[in-house]
Amino acid sequence: AVLSLADALGRLAWAWAKGKGAAPRGGNHGLRDDLCVAFWLFWFLAVAPSVLTCLGLALALMPFSKNEGVVFAHKVLLATFGAYCAWAYLVDGSLSRGGVKARLRRSPVLAGIARYFSIQMTTVAAASNEDNQRKANEYEDEISASGNDDGDEGVRNCMFCYHPHGVIFWGLVGGFVYQGREEGAKFQGRSMAALDIRLATISLNNMLPMFREVNKHLGCFDVSWHSCNEALKRGRNILIVPGGARESIVAHPGTMSLLLQRRKGFVRLALNQGVPLVPVISFGETDMYNMLEIAEGSVLHEAQSVYQRLFGFTVPLFWGRTIWGIVPSVMPKRTPIHIVVGPPLRAPKIKDLRSEEGQRAVEALHAEYVASLRRLYEAHRHLWHNECERGGLNIM
């Protein structure tokens, strides 16, 4: 991350020195966009962990100092940190209710990330056959009859399901976190930015100081059963990644492998609240990094599995662009990303999901969702996917 940022800064300074400014390179991808991507990596992979480490060391080592000023500073730091933790983890419950207003989504850094990957978004609002069209019309009639056809979030909120996770889910960051570039993308007659979609992420990301505040103001909240239910009850549009972080270890270039066969929690959540499921496919998400092939059952594979169980996510062995032509880095390749948002699938509200009727509803909706996802992929793969060298959509 440090080398990537240094490389981006060096190339930008060199361009300015030659009088070219941030001249575009590779189409619309300028050096400033490189800097935005490198800064994002530097912040999350280097700055925040380093600051937290330094803070922990300071709290642990400062009491042993014989300098009275250092001891006093330690007491102030400890009191401040304690007060912050008390407020963040005992008083502020916003992350368990769908988050807060995302004030950082119009950040120029996110805008640069969206330009770097040339992110485009297509919404498939029209139903593909007469039966689905009839259901869609009935849904609109139901909304109109309720007297809430004014775009009220509490009535028309949905659960967006993003596929695939990828290594660092750049499409999600540039396409959904930054909700200002694709003004033309509409869903149910509203712009994607107006939907104010909240992103559900693993709790570990929201537990760490600094990470927590930044994530919160990017529109993130805890991806737990309680938090998602609360967000949906409050009329929020939420986005989850059903494959989870574990899907990152199968994000090989030229593939579209999704961990979905046994993932049914998102279906239960939709049925519990009676909110529509919206399939989302990000073409190009897995093409920006090279990955080391790790055989199942190997020592590395077992180590990744243990890490996954302990922390809720795992770390694939990957690399993107090379720095100075020789040093592999975490800087992603400039791969265009095209996000396709499918039509919503209605989910009836089921009171008892443990009943026989509830189990049948879960299985039926899951099968319908997978079928809808396959149709969405097949309808757009020839436009946006790189012929998928290793096969088509692979549901695992």
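Refer to the structure printed above.
About the thresholds
- Residues numbered from 1 in each chain as written.
- Predicted model: local features only at pLDDT ≥ 70, side-chain atom pairs only at ≥ 80, totals over all residues.
- Heavy atoms only, no water.
- Phe/Tyr/Trp six-rings, centres within 6.5 Å; stacked < 30°, edge-to-face > 60°.
- Helix = DSSP H or I, 4+ residues; strand = E, 2+ residues; numbered from the N terminus.
- Buried < 20%, exposed > 50% of the residue type's maximum accessible area, 1.4 Å probe, protein only.
- Pairing = 2+ DSSP bridges.
- Axes fitted to C-alpha atoms, helices over the stretch in contact; angles between N-to-C directions.
- Contact = heavy atoms within 4.5 Å.

A. Broad picture of the packing of aromatic side chains. Tallying each qualifying case throughout the model produces nine aromatic pairs. Where Y162 meets F176, the ring centres are 6.1 Å apart and the plane angle is 90 degrees; that geometry is what we call edge-to-face. Here F176 lies in helix α7 (residues 170-177) and Y162 lies in strand β2 (residues 159-163), a separation of 14 residues in the sequence. Accessibility classification places Y162 together with F176 in one group, the buried group. Ring centres 4.8 Å apart and planes at 75 degrees place the aromatic pair Y289 and F318 in the edge-to-face group. Note that Y289 is positioned in the loop between β9 (277-283) and β10 (290-291) and F318 in strand β11 (residues 318-319), a separation of 29 residues in sequence.

B. Molecular detail of the sheet that holds β2. One open sheet accounts for seven strands, arranged β1-β14-β9-β2-β7-β5-β6; its pairing is mixed. Each having just a single partner strand, β1 (120-123) and β6 (220-222) make up the two edges of the open sheet. Averaged over all neighbouring strand pairs, the angle between strand axes comes to 30 degrees, with direction disregarded. Here strand β5 (residues 198-201) runs beside strand β7 (residues 238-240); their pairing, made up of two bridges, is parallel. Within β7, the position partnered with R198 by the bridge is I238. Here helix α10 (residues 225-233) sits on the sheet in contact with β5, β6 and β7, set at roughly 130 degrees to β6.

Don't take any of this as a statement about function, it's just geometry.
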